[in-house]
Amino acid sequence: MNTVNFNVDGQDISAKKGMTVMEACEEHGITIPKLCQHEALENVMACRLCSVEVNGKQILPSCGLQVDDGLKIQTQTDHLKKYRRKILELIYRSENHYCMFCESDGDCELQDLMYEHEIDRFEFPRMYPEWPVDSSHDYIIKDSNRCIRCGRCVRACDEVVGNHTLSLGGRGINNRIIVDAGVPLGESTCTSCGMCLQVCPTGAIFSKLSMFKGVKKECDMTTTTCLSCSMGCGTNVYTKTGHIVEIEGADIHKESGGQLCEFGRFKPLANKGERIKNVILREDGEEKELSLSEGLEKASEMLVKSYRISAYASGDLTCEDLDAFAYAMRAHGALFDVVGAKRHRFETEVKRRINMIEGHFVTDIREIMKADNILLYDTSIYHTHPILASYIRRATSNGTKLITIDAYEDKFWNHSDKSITIESPKTQLTRLVNQVIKEGKASIEDLSRVSSILGGLRVHPKDVMEIVNLLEEATYDIIIIGDEIIDRWSLRHIFELAKLEGSYVISLNHAGNQYIKNLETEGVYEEPEVAYILAGDEEDQADMKELIEKADFSIVQSARRSELTEMADLVIPSLTMFEREGTTIDINGVKNKVERITEPKGGIRSEIGFFEELAKMR
Amino acid sequence: MVRKEILICSGTGCLSAGSEEIEERLMDELWKHELEDKYPLTRAIKRTGCMGPCNLGPMIIIRPEDTFYGNLKPADVERIVEEHLLKGRVVYDLLIEDIDGRRVEEFEKLDFIRGQKKVVMRDSGDIDPSSLEDYLKVDGYMAARKAIMDMERNEIVKEIKDSGLRGRGGAGFPTGLKWELAAKEISDQKYIVCNGDEGDPGAFMDRSVLEGDPHSIIEGMMIAGYAVGADQGYIYVRAEYPLAIRNLQKAIRDAESEGYLGENLFNQGFDFNVELRVGAGAFVCGEETALLSSIEGKQGRPKYRPPYPVQSGLWGKPTVINNVETFGNIAMIIKYGSEWFRDIGTEGSPGTKVFAVAGDVENTGLIEVAMGTTIREMINIAGGVADGKRFKAVQIGGPAGGVIPEQYLDTPIDYDSLKEAGTIMGSGGFIVLDEDTCMVDVAKFFLDFTQDESCGKCPPCRLGTKRMLDILDKITKGNGEAKDLDKLQDLAETIQATSFCGLGQASPNPVLSTLKFFRDEYETHVHDKKCPTGTCKALVEAYTINEETCVTCGRCIEVCPVDAISSGENTYVIDPEKCISCSECAKICPVDAISEGDEK
Amino acid sequence: MAENKPKVATACMCGCSGCHMSFLDVDEFVKDLAELVEFQSSHVIMDVKEIEKVDIGIMEGTITNDENVEVAKKMRENCDILVAWGDCACFGGIMTMRNFEKVDKILEECYLEKSDEESVVPDDELIPTLTDKAKGLDEIIDVDVYIPGCPPSADVIRYGLEKLLEGEIPKLDKDKLRY
């Protein structure tokens, strides 16, 4: 039997074995007060508010108690209410809670419970402990005065993000949340994912970018998909009178635990660049503002009269936007490319050359957490794909071995078991490992033999052997290739190694929307007559700049003013991530919906319509 | 000629009382009298663990005649050597006067010793704890040998179960049952953990056993390991016990090199290793799940049970965790059988219990008695209430326990009777309080301790104990209000019902039990703003000198710590502004001319 | 009939009068209220300094000086039911933020350190002396009704008054309670 039957407040309910009483109750609409419990985190039974009466005698926390046949649970006895009131008052009066000053007033779980328990007077005087406020971080303020020591942030940082930046320090009333070994948050190992503030029940950790913008309960909330990278994280975006108040992770029940990264949670709100409202034309050293239709005409005029046209789009657009842009550009005979697509083309080419089958590729990145061994090329994914990085960190916390190979510093330095820094090209070491593996155990044992293969490389033979040994020992190893590896030789060696070792591969590229894999793209003219760049609101624009510099005439379509738009001859308004709608494809190949969160504030309502017009004007 | 042996107590108590200096003098004297052949140092002078009567330190026992000299000063050593060792005459005036004033020659005949029944403390004070050889001489590791070579695993578990041994850490869980549960668990790895994180204020039973007889604990753990199928043991000791750590390290090393620890013990294919883990001295680490977290290198915070450690303990593996004293009993039970053990103590609580007797008694120290001994008998063994004062109460069970007033003096000491009387056995704290003790102050003392030691995980304990302490503080400062006593009671109830672990749940006990038995004292503090015993300084008025009685001897001026007393015309005067009511002057006054307040 | 109308006095201690302002937001209910009760004193609507015997005494603000203590005690003596209006009166409110520092230190900081050179700490016998700590009402006197809020909304204030006039002691439930 997998279900058990028991009784809660006189109501017979049944639940799956292994559930906690709290979960079972919530499933049946019985809410039990709680502060430390959070669905994305492990239960620690610290706050004691969820205590229930069991079989008329014991008082036990319902978040720790497992359901069992015949249990008689009371959730609302007078005793329990009295205890809860007392605990709430102890918490409220012992730290410095001043609701009217607090950013979380209205969104505070402690406050809600105080109201629910009708606490309108206090027995104990305030204690006035003097706690520091840490505002050293770019986005996060940590105010210990409002901290109730529930430890959610610590668990989130450990269990969900795998970063272990926050921990509990001190004992008794001196117990507090500390950062690393007691450094300010801004100087810590924090990855700015903001998971801590998402789970904080009070106003102890909050976002500088969202503070005092509005009470979330009074906001409209839309669930959409983040376009910043290919992880396809679900986001809940809170808006009030058309302005974004806060962005939270939506996937609380999925493996990601609802975490977002700096790019998903903070960057979209931090972006202060001036919106482009009109078309700007730079001609003969003069800058003119044009209407959108005048801009359209100017663009088509340039496209029509030119032969060598390079069209280049950001990878962080919706599938529909990409299609419309590609269609319009093709109509004008342009060569078309998208950020990240080049890497994908190389990959396909290499795969075909060495007969690499699709079975070698991981179809679900959460598999990372099951691997025995992870071999990571290019650790910059720590910043470019933070959610994936969190899976790697979580895996290492559970005993997975991590080997990193990078041209620069190992960004996973405090998680990796073996890290090798090798000057570019990164391919050399893979080739070497391949060679050593191919030549069998004999050469592994023979240090001098390995040395001779190593040649001029500044890598110790022992390190190579350790990698080989780790790969040999593991039954399930995954090779992750970061988006900075873009040469065909490197890819070939890495893929060969995967084939040789039977490893699985996760290959990351720079595009947020993996629709690029379905699109037909080709390299663009390096020195075109006209370069048409659809930048959207992407920030990383180095290769786009390069293209503009070499073009005779450049058109940039961008949401905000940037270095790129300053360089362009013709600037056309574009949309931000939250003004787009359509679909996007994540790294696992799943199609997700992108909702329009805010009405377009720039000079353009729909890019699709614009490109349809442009396509007609040839 | 019978070789003489001089045993010198080198427990932490005696070391701080100066036993090392006595030892040095002894060696000097032996050298001076050219006795080095007769008394080779390594053989004749033996540093032992705690002998028990700590307030008699430094102390020595001369064997074979068992003559006991206590409270020694370095100058006494010369006479002992010249008279006792050279001439064979007992130095009568250096013998200890017992309760009835008689000087007692033999250690075993001291009242303090005669009333005891030593099982766990059997070797402490008798052997050199740093010597495996000494331990082997008292049949050390024979019980382990018997268990591993001649007994089946389930036989051992049965023997311990039959003995009725209950955990000596305080809660009294049947040890045999715990072992049985662990033995039933199927796992590739099991652990034995010895809880030596003794933290109750004034309690030092575990420390003394670890210091005085470390091998007995290792042997107990080894037997447990064999019985439940564990090959790794950990002893968790707090860093504040450097001597225990040193002796344990030596013991583990010796046992390893002599084959009493390691692989294939007694050629029976059983492996057992012991490692020492040193804790930073957080009280909460005495709680088993917090202790295990600490061993794992995590913050010492309790975890939710179930799963219990026997199912999922250290690193998620089945773990038997027992107190030092519990392990101290194991070898004896295996050696003499459960029948023998059951004959000691009571039906429900067989065996003995070691208490650290402190407070207002004549003789403080470690006393091991058979369970069922009454509290009155215990106090008598300790020589009665000190200075002929009246008995007020005894605090048993440390910060988690409570006070027992006079009317319960005949309560037998066992788990169940103490529970009925409103306290707990605890780990063995036993503090006798005389009539001069303020019960509010006692409650405050213990609460201050638990409040400080709370780990901070749950709000009832972290914040509730702080609030209770604040209220007690307010009361002892004379700012108490009528509703404060109800507030205390209310808070105590919440803390007891909702705290995470035993530390929190038991933390209000000292307050509740003093409130129960001595409520009038609280009320006097609150309503009359007076402390009947004069302990709470804020409630004591300034002292005054009766000029008619005063003989101007000047002693009061000397003892006054704040120079509040000056000479007047015919008498001395106390400046009420400066007086801190410490009562030192009243105590020293030979004619009782000084009293509290303005009465003449 | 006028003699039988319950008498009400309101007073403001150290506070912003925000609760009284919020009370004025009850709009036309003021008219009904004027029919139902007789205001003995209330600084927002009349100029009567002394508090006389009343049925309902309503107080806003924190106790921060000896005048507040005096007024509070006088109100308690003169009323049957004492109502604490707003966070300040109920639990001390934002004024208690000064309790992090000693009074002298705060005065020094305000009047000397952070002001011009001629400034002095006010020291006139007409100015009430600050209490060592800012306190909620119930730390000084007994309070019968708590209407917290910063300020309590007009609806909540109205609810409280209506209940009182019905002869009940109002208690705010979770929908009305706000800090």
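Residues numbered from 1 in each chain as written. Chains lettered and ligands numbered in written order. Predicted model: local features only at pLDDT ≥ 70, side-chain atom pairs only at ≥ 80, totals over all residues. Heavy atoms only, no water.

Participant: Residues and numbers for the environment of Arg580 of chain A, please.
Facilitator: Residue and element names in this part refer to chain A. With respect to the secondary-structure elements, Arg580 resides in the loop between β25 (570-573) and β26 (582-585). The buried category is assigned to Arg580, whose relative accessible area is 1%. Counting along the chain gives 24 residues from Arg580 to Val556, while the straight-line C-alpha distance between them is 18 Å. Setting aside chain neighbours within four positions, we find Arg580 in contact with Leu227, Leu317, Thr318, Asp321, Gly536, Ser574, Leu575, Val594, Glu595, Arg596 and Glu607. Engagement of the side chain of Arg580 in a polar contact is seen with the side chain of Asp321, the distance being 2.7 Å. Side-chain polar atoms of Arg580 contact the backbone oxygen of Leu575, separated by 3.1 Å. (Helix = DSSP H or I, 4+ residues; strand = E, 2+ residues; numbered from the N terminus. Buried < 20%, exposed > 50% of the residue type's maximum accessible area, 1.4 Å probe, protein only. Contact = heavy atoms within 4.5 Å. Polar contact = N/O pair within 3.5 Å; in protein donor to acceptor, adjacent residues only side chain to side chain.)

Participant: An account of the arrangement of the chains is needed here, citing residue identities and associated values.
Facilitator: Most contacts, when the two pairs of chains in contact are compared, are made between chains A and B. At their nearest point, the C-alpha atoms of chain B and chain C are still 12 Å apart, with no contact between the two.

Participant: Could you give an account of the interface of chain C and chain A, with specific residues and numbers?
Facilitator: Each partner contributes residues to the interface: chain C has 20 residues there, and chain A has 19 residues. Counting the surface lost from both chain C and chain A, the interface buries some 2000 Å², and carbon and sulfur atoms represent 62% of this. Among the residues of chain C in contact with chain A, Phe91, Phe100 and Tyr179 of chain C are the three that bury the most area, contributing 36% of the side total. In this structure, the connection of chain C to chain A is made through one salt bridge. Close ionic contact of Lys171 of chain C with Asp120 of chain A constitutes a salt bridge, the shortest N to O distance being 3.4 Å. Summed over the shared surface of chain C and chain A, the number is six residue pairs in polar contact (both at pLDDT 80 or more). Taken together, the residues of the side of chain C that touches chain A sort by class into 11 nonpolar, three polar and six charged. (Buried area = accessible area lost by both parts, 1.4 Å probe. Salt bridge = Lys/Arg side-chain N within 4 Å of Asp/Glu carboxyl O. Nonpolar A, V, L, I, M, F, W, Y, C, P; charged D, E, K, R; others polar.)

Participant: Could you give an account of the layout of surface pockets, with specific residues and numbers?
Facilitator: It is the rolling of a water-molecule-sized probe over the atoms that shows where space remains empty. Estimates place the volume of the second largest pocket at around 1400 Å³. Phe122, Glu123, Phe124 and Pro125 of chain A together with Lys487 of chain B are the residues nearest the centre of the second largest pocket, which is lined by 47 residues in total. Elements with a contribution of two residues or more to the lining of the second largest pocket: α2 (78-94) of chain A, α18 (459-476) and α19 (482-498) of chain B together with α4 (86-91) and β6 (130-135) of chain C. Class assignment of the residues belonging to the lining of the second largest pocket gives a composition of 14 nonpolar, five polar and 28 charged. (1 Å grid on protein atoms, 1.4 Å probe; cavity = no way out; pocket = protein on both sides within 12 Å on 5 of 7 lines; lining within 4 Å. Points joined across faces, edges and corners; volume = space filled by probe spheres on them.)

Participant: How would you sum up a negative patch on the surface? Please name residues and give values.
Facilitator: All names here are of chain A. A contiguous patch of negative charge, built from Glu526, Glu527, Asp543, Glu546, Glu549 and Asp552, is present on the exposed surface. With respect to the helices, strands and loops of the structure, Glu549 is situated in helix α17 (residues 542-550). Owing to a relative accessible area of 60%, Glu549 belongs among the exposed residues under this scheme. (Patch = residues over 30% accessible without salt bridge, like charges linked within 9 Å, V, L, I, M, F, W, Y side chains within 5 Å. Areas by Shrake-Rupley, 256 points an atom, 1.4 Å probe, with all protein chains shown as cover. Lys, Arg positive; Asp, Glu negative; His and termini not counted. Charge placed at Lys NZ, Arg CZ, Asp CG, Glu CD.)

Participant: Describe the pairing of strand β4 (residues 58-61) of chain A, naming the residues involved and giving the relevant values.
Facilitator: Residue and element names in this part refer to chain A. Judged from the four bridges that link them, strand β3 (residues 51-54) and β4 form a sheet pairing that is antiparallel. Residue pairing for β4: Ser51 is matched across the bridge by Pro61. The antiparallel hairpin formed by β3 and β4 contains three residues in its connecting segment, where Asn55 sits at a positive phi of about 50°. (Pairing = 2+ DSSP bridges.)

Participant: Describe the nonpolar core, listing the residues and the values that go with them.
Facilitator: The tendency in soluble globular proteins is for nonpolar side chains to be buried side by side. In this structure, Leu35 and Leu110 of chain A, Leu488, Val511 and Tyr522 of chain B together with Leu137 and Tyr179 of chain C are the most contacted members of the largest nonpolar core, which totals 85 residues. Examining the composition of this core, we find that six residues originate from one element, α18 of chain B, more than from any other. Not counting chain neighbours up to four residues away, the residues in contact with Tyr179 of chain C comprise Tyr92, Cys99, Met114, Tyr115 and Ile119 of chain A together with Asp87, Phe91, Pro148, Gly149 and Cys150 of chain C. Formed by 64 residues, the second largest nonpolar core is a distinct cluster that contains Met121, Ala203, Phe204 and Val310 of chain B. (Core = buried A, V, L, I, M, F, W, Y, C linked by side-chain atoms within 4.5 Å.)

Participant: Pulling in residues and values, what's your account of a nonpolar patch on the surface?
Facilitator: Judged by side-chain polarity, Phe101 of chain A together with Ile94 and Met97 of chain C come together as a nonpolar surface patch covering roughly 230 Å² of accessible area. Turning to its location among the elements, Met97 of chain C is positioned in the loop between α4 and α5 (103-113).

Participant: Give me the lowdown on helix α11 (residues 214-228) of chain B, citing residues and values where you can.
Facilitator: All names here are of chain B. Taking 1.5 Å per residue as the helical rise, α11 with its 15 residues ought to reach 21 Å, and the 22 Å between its terminal C-alpha atoms agrees with that figure. Burial of α11 is extensive: 15 of the 15 residues sit out of reach of the surface. Following α11 by one or two positions, Gly229 has its phi on the positive side, about 85°. (Expected span 1.5 Å × (residues − 1).)

Participant: Give a detailed account of the packing of aromatic side chains, specifying residues and quantitative values.
Facilitator: Residue and element names in this part refer to chain A. Applying the stated criterion across every chain, the model contains 31 aromatic pairs over all chains. Relative to Phe495, the ring of Phe361 lies with its centre 5.5 Å away and its plane at 90°, an arrangement referred to as edge-to-face. Pair noted here: Phe361 is in the loop between α9 (341-353) and β18 (373-377) and Phe495 is in helix α16 (residues 488-501), with a separation of 134 residues, a long-range link. The buried category is assigned to Phe495, whose relative accessible area is 0%. When the ring centre of Tyr98 is taken as reference, the NZ or CZ atom of Arg126 above it lies at 3.9 Å. Lying across the ring of Phe346, Arg488 places its NZ or CZ 4.1 Å from the centre. (Phe/Tyr/Trp six-rings, centres within 6.5 Å; stacked < 30°, edge-to-face > 60°. Lys NZ or Arg CZ within 6 Å of the ring centre and 35° of its normal.)

Participant: Describe in detail the sheet that holds strand β4 (residues 67-69) of chain B, supporting the description with residues and values.
Facilitator: All names here are of chain B. Pairing within the open sheet is mixed, and its four strands lie in the order β2-β1-β3-β4. In the strand order of this sheet, the two ends are held by β2 (45-48) and β4, each with one partner. Across the sheet, the mean angle from the axis of one strand to that of its neighbour is 20°, orientation sign disregarded. Examined bridge by bridge, strand β1 (residues 5-9) and β2 share four bridges and lie parallel to one another. By the bridge assignment, Cys9 is partnered in β2 with Thr48. Each of β1 and β2 is contacted by helix α2 (residues 19-32), which is oriented at about 170° to β2, the strand it contacts most. (Axes fitted to C-alpha atoms, helices over the stretch in contact; angles between N-to-C directions.)

Participant: Tell me about the sheet that holds strand β7 (residues 145-147) of chain C, and name the residues and values.
Facilitator: Residue and element names in this part refer to chain C. The strand order across the open sheet formed by five strands is β2-β1-β3-β5-β7, and the pairing between neighbours is parallel. At either end of the open sheet lies a strand with only one pairing partner, and these are β2 (38-41) and β7. Averaged over neighbouring strand pairs, the angle between their axes works out to 25° when direction is ignored. Where strand β3 (residues 54-60) and strand β5 (residues 79-85) come together, six bridges link them in parallel fashion. By the bridge assignment, Glu60 is partnered in β5 with Trp85.

Participant: Outline the pattern of salt bridges, supporting the account with residue identities and numerical values.
Facilitator: For the structure on display, the rule yields 90 salt bridges over all chains. Salt-bridge contacts for Asp162 of chain B lead to Lys158 of chain B; the nearest nitrogen and oxygen are separated by 3.0 Å. Of this pair, Asp162 of chain B and Lys158 of chain B are both found in helix α8 (residues 153-163), four residues apart, which corresponds to roughly one turn of the helix. Across the pair Glu168 of chain C and Lys163 of chain C runs a salt bridge, and its minimum N-O distance is 3.7 Å. Each member of the salt-bridge network shares a partner with another, and the members are Lys82, Lys86 and Glu123 of chain A together with Asp490 and Glu493 of chain B.

Participant: Please give an account of the interface of chain B and chain A that cites residues and values.
Facilitator: Listed as interface residues are 31 residues of chain B and, on the opposing side, 34 residues of chain A. In total, chain B and chain A occlude about 2700 Å² of area from one another, counting both sides; carbon and sulfur atoms represent 58% of this. The largest share of the area that chain B buries against chain A comes from Tyr304, Arg462 and Arg467 of chain B, three residues that together contribute 25% of it. Where chain B touches chain A, the interface holds four salt bridges. Between Asp490 of chain B and Lys82 of chain A there is a salt bridge, with the nearest N and O atoms lying 3.6 Å from each other. Our enumeration of links across chain B and chain A arrives at 16 residue pairs in polar contact (both at pLDDT 80 or more). Those elements that provide at least two residues to the side of chain B that touches chain A are α17 (439-453), α18 and α19 of chain B. No other element matches the nine residues that α18 of chain B contributes to the side of chain B that touches chain A.

Nothing here speaks to function; it is all geometry.
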